[in-house]
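Per-entry structural report
Listed below are the residues making up each chain.
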Amino acid sequence: MLPAVSYDVGIIGAGYVGLPLSTTFAEAGCRVLVVDVVQPVVDALNRGESHIEDVESERLRPLVEQGLIRATTDYGELPEADAILIALPTPLSRQREPDLSIVESATRAIAKVLRAGQTVVLESTTWPGTTREVLKPILEQGSGLEAGKDFHLAMSPERVDPGREDWTTKTTPKVLGGISPESTRRAAEVYRRAIDTVVEVSTPEAAELTKLLENIFRSVNIALVNELAQLCDRMSIDVWEVVNAAATKPFGYMRFSPGPGLGGHCIPIDPFYLSWKAREFGFYTEFIELAGKVNETMPYFCRSLVSQALNHHSQRAMKGASILVLGVAYKPDIADMRESPAVKLISLLDNAGADVSYHDPHVASFNEHGLQMMSVEYEPSAYDCVVIATDHHSIDYGRLVDDAKLVVDLRNATGAKGTASDNVFKL
Ligand code: SAJ
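**Focus: the sheet that holds strand β10 (residues 355-359)**
Strand order across the open sheet formed by 5 strands is β10-β9-β13-β14-β15, with parallel pairing between neighbours. What marks the edges here is a single partner per strand, and that holds for β10 and β15 (424-426). Averaged over neighbouring strand pairs, the angle between their axes works out to 20 degrees when direction is ignored. With 3 bridges connecting them, strand β13 (residues 385-388) and strand β14 (residues 407-409) associate as parallel partners.

What follows is the structure in structure tokens.
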């Protein structure tokens, strides 16, 4: 006897992907079961409290009160869901190799409760072949069911850009590929209940590689302008003037900006999922490796800019200089610290003997890569140098140029005023 289908979708993982996805399905009238292993997160969600910046509690609470979203730690409730969407982290190991352990563990738990007729979709960013070579055997062996026949299996990469408001989970086109045409059809049917545009591709591998292309495209182009920034420094050309001028081209060009390096849980990591898999085919992804190398040199290059600025403007050595790093989140107007290049820069400045503090209106404190710090009061004039590492829009950078002794601007946050002021040194 099949259990009554109490949920249209079960979503595994209540993170920056899973919670917006759950909310989007619920707002489309679907009944959603959110499964997460962290009990306090589950309890908070069932109280209508969101821990994800992109989903306000005011938006979540009515959906919980209407019974459209319920959270649990129990995979045993999943047979009551028509479809199961996996939105879990795929980090790199310490050896910088793909780490699918979280996804594999969840897949084994799903296999134990999988029932005929369900559709399973992987949303996590991963190497081409993961859905077919890793998830499929785990699900089949754990359930005794056959993929493509007894249950359906597909891959549909997440495209969340944390903090973005113009494109939402509902309005961003969703690529999707199943292990068979019927799996593609069934999975697309699920997503079309909540997502405006579903783009079907022929296989999960095509969907997996589509996502990697999107993020490798960003990593390589960011590395390009970072390399140009280093060359411009030697040629005494303002790289910001050049990237801004290039961006006036209305076709055939896309703006990217130099900076102190690559942060976030995607761009610094995803490309290495492909270079790792490509080696299995005796293929070396030169662009990915080169981009990674260039992007990883940026914190070191920025440290030398600070050292030069202190020397030329203030006749000061780095050693003993008081430095305020302004903005440590990995990108503007969010609190996320993951892989933030500002953390590496702070370590380098500290190792060079500077007395380093940080201020970030979004990040009260952090504990990353062995650094544990708290945000200090914002008093730019109290420091020998203020380094703009992330340009949050809540800071008045014109006022900063007037108040600070010396500014090193790694994001062109000070704009024309910074270019005109002799106490501002730019990347
Ligand atoms: N960065 C630069 N220069 C640029 C753009 C970005 O230095 O021109 C830096 C940022 O400061 C940040 C890092 O790169 O540290 C990543 O920036 P990002 O804008 O790619 O932001 P993410 O990683 O939060 O989101 C990206 C998505 N971003 C956009 O599409 C604009 C998208 O690539 C993916 O949907 C998402 O990663 C993901 O989850 O894969």
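**Focus: the domain arrangement of the chain**
Think of interface size as the accessible area that goes away when the parts come together; that is how it is often given. Assigned domains of the chain: these are domain 1 (7-202) and domain 2 (215-426). Computed over C-alpha atoms, the centres of domain 1 and domain 2 are 34 Å apart. Facing the 18 residues of domain 1 at the interface are 18 residues of domain 2. Between domain 1 and domain 2 the total buried area reaches about 1400 Å² when both faces are included, carbon and sulfur atoms providing 58% of it. On the domain 1 side of the interface with domain 2, the three residues burying the most area are Glu53, Arg96 and Trp127, jointly 30% of the side's total. Applying the counting criterion to the domain 1 and domain 2 interface returns 3 salt bridges. Taking the shortest distance from any N to any O, the salt bridge between Glu133 and Lys277 comes out at 3.0 Å. Connecting domain 1 to domain 2 are 7 residue pairs in polar contact (both at pLDDT 80 or more).

**A word on the packing of aromatic side chains**
Inspection of the entire model under this criterion finds 4 aromatic pairs. Measuring from ring centre to ring centre gives 5.5 Å for Trp127 and Trp276, while their planes differ by 45 degrees; the resulting arrangement is tilted. Here Trp127, found in the loop between β5 (119-122) and α5 (130-143), pairs with Trp276, found in helix α9 (residues 271-278); they are 149 residues apart in sequence, far enough to count as distant. Here the basic side chain of Arg96 rests over the ring of Phe272, its NZ or CZ set 5.3 Å away from the ring centre.

**Examining the site of the ligand**
By nearness alone, 21 residues border the ligand, and Lys211, Asn215, Arg218, Ser257 and Tyr330 come closest of all. One of the side-chain N or O atoms of Asn215 is found 2.8 Å from an oxygen atom in the ligand. Between an oxygen atom of the ligand and a side-chain N or O atom of Arg218, the distance comes to 2.8 Å. Protein burial of the ligand: of its 740 Å² of free accessible surface, 88% is covered by the chains. In the shell around the ligand, the residues fall into 9 nonpolar, 3 polar and 9 charged. Among the domains, domain 1 (7-202) and domain 2 (215-426) are the pair contributing at least three residues each to the shell around the ligand.

**Some words on the pattern of salt bridges**
One pass over the full model with this rule turns up 25 salt bridges. The partner of Lys170 in a salt bridge is Asp196, with the nearest N and O atoms 2.6 Å apart. In this pair, Lys170 is assigned in the loop between β6 (152-155) and β7 (174-178) and Asp196 in the loop between α6 (181-191) and β8 (198-201), connecting sequence segments 26 residues apart. For Lys170, a relative accessible area of 40% corresponds to the partly exposed category.

**Overview of the side chain of Lys426**
Within the secondary structure, Lys426 is located in strand β15. Here the side chain of Lys426 touches Asn412 through a polar contact of 2.5 Å, side chain to side chain. A distance of 2.7 Å separates polar atoms of two side chains, one belonging to Lys426 and the other to Thr419.

**Structural notes on the pairing of strand β4 (residues 81-86)**
Here β4 lies mainly inside the structure; 5 of its 6 residues are buried. As paired strands, β4 and β5 are joined by 4 bridges and run parallel to one another. When the bridges of β5 are listed, Ile84 appears paired with Val120. In this fold, the crossover linking β4 to β5 by way of helix α4 (residues 101-113) has right-handed handedness.

**A word on the environment of Pro62**
Position of Pro62 relative to the elements: it lies in helix α3 (residues 57-65). Looking at Pro62, the relative accessible area reads 31%, which means it is partly exposed. When the C-alpha atoms of Pro62 and Tyr253 are compared, they prove to be 43 Å apart, with 191 residues separating the residues in sequence.

**So, α3**
Along α3, the residues that are buried comprise Ser57, Leu60, Leu63 and Val64. Relative to the axis of α3, the buried residues are bounded by an arc of 130 degrees and lie together on one face. Of the exposed residues in α3, those oriented more than 90 degrees away from the buried face are Glu58 and Glu65. The secondary structure elements touched by the buried residues of α3 are α1 (18-27), α2 (39-46) and β3 (69-72). In the stretch just after α3, Gly67 is the one whose phi turns positive, near 80 degrees.

Thresholds applied
- Residues numbered from 1 in each chain as written.
- Predicted model: local features only at pLDDT ≥ 70, side-chain atom pairs only at ≥ 80, totals over all residues.
- Heavy atoms only, no water.
- Pairing = 2+ DSSP bridges.
- Helix = DSSP H or I, 4+ residues; strand = E, 2+ residues; numbered from the N terminus.
- Axes fitted to C-alpha atoms, helices over the stretch in contact; angles between N-to-C directions.
- Domains from an automatic or database assignment.
- Contact = heavy atoms within 4.5 Å.
- Buried area = accessible area lost by both parts, 1.4 Å probe.
- Salt bridge = Lys/Arg side-chain N within 4 Å of Asp/Glu carboxyl O.
- Polar contact = N/O pair within 3.5 Å; in protein donor to acceptor, adjacent residues only side chain to side chain.
- Phe/Tyr/Trp six-rings, centres within 6.5 Å; stacked < 30°, edge-to-face > 60°.
- Lys NZ or Arg CZ within 6 Å of the ring centre and 35° of its normal.
- Near = heavy atom within 4 Å.
- Areas by Shrake-Rupley, 256 points an atom, 1.4 Å probe, with all protein chains shown as cover.
- Nonpolar A, V, L, I, M, F, W, Y, C, P; charged D, E, K, R; others polar.
- Buried < 20%, exposed > 50% of the residue type's maximum accessible area, 1.4 Å probe, protein only.
- Right-handed = clockwise from strand over helix to strand, strands pointing away.
- Arc of directions from axis to C-beta.

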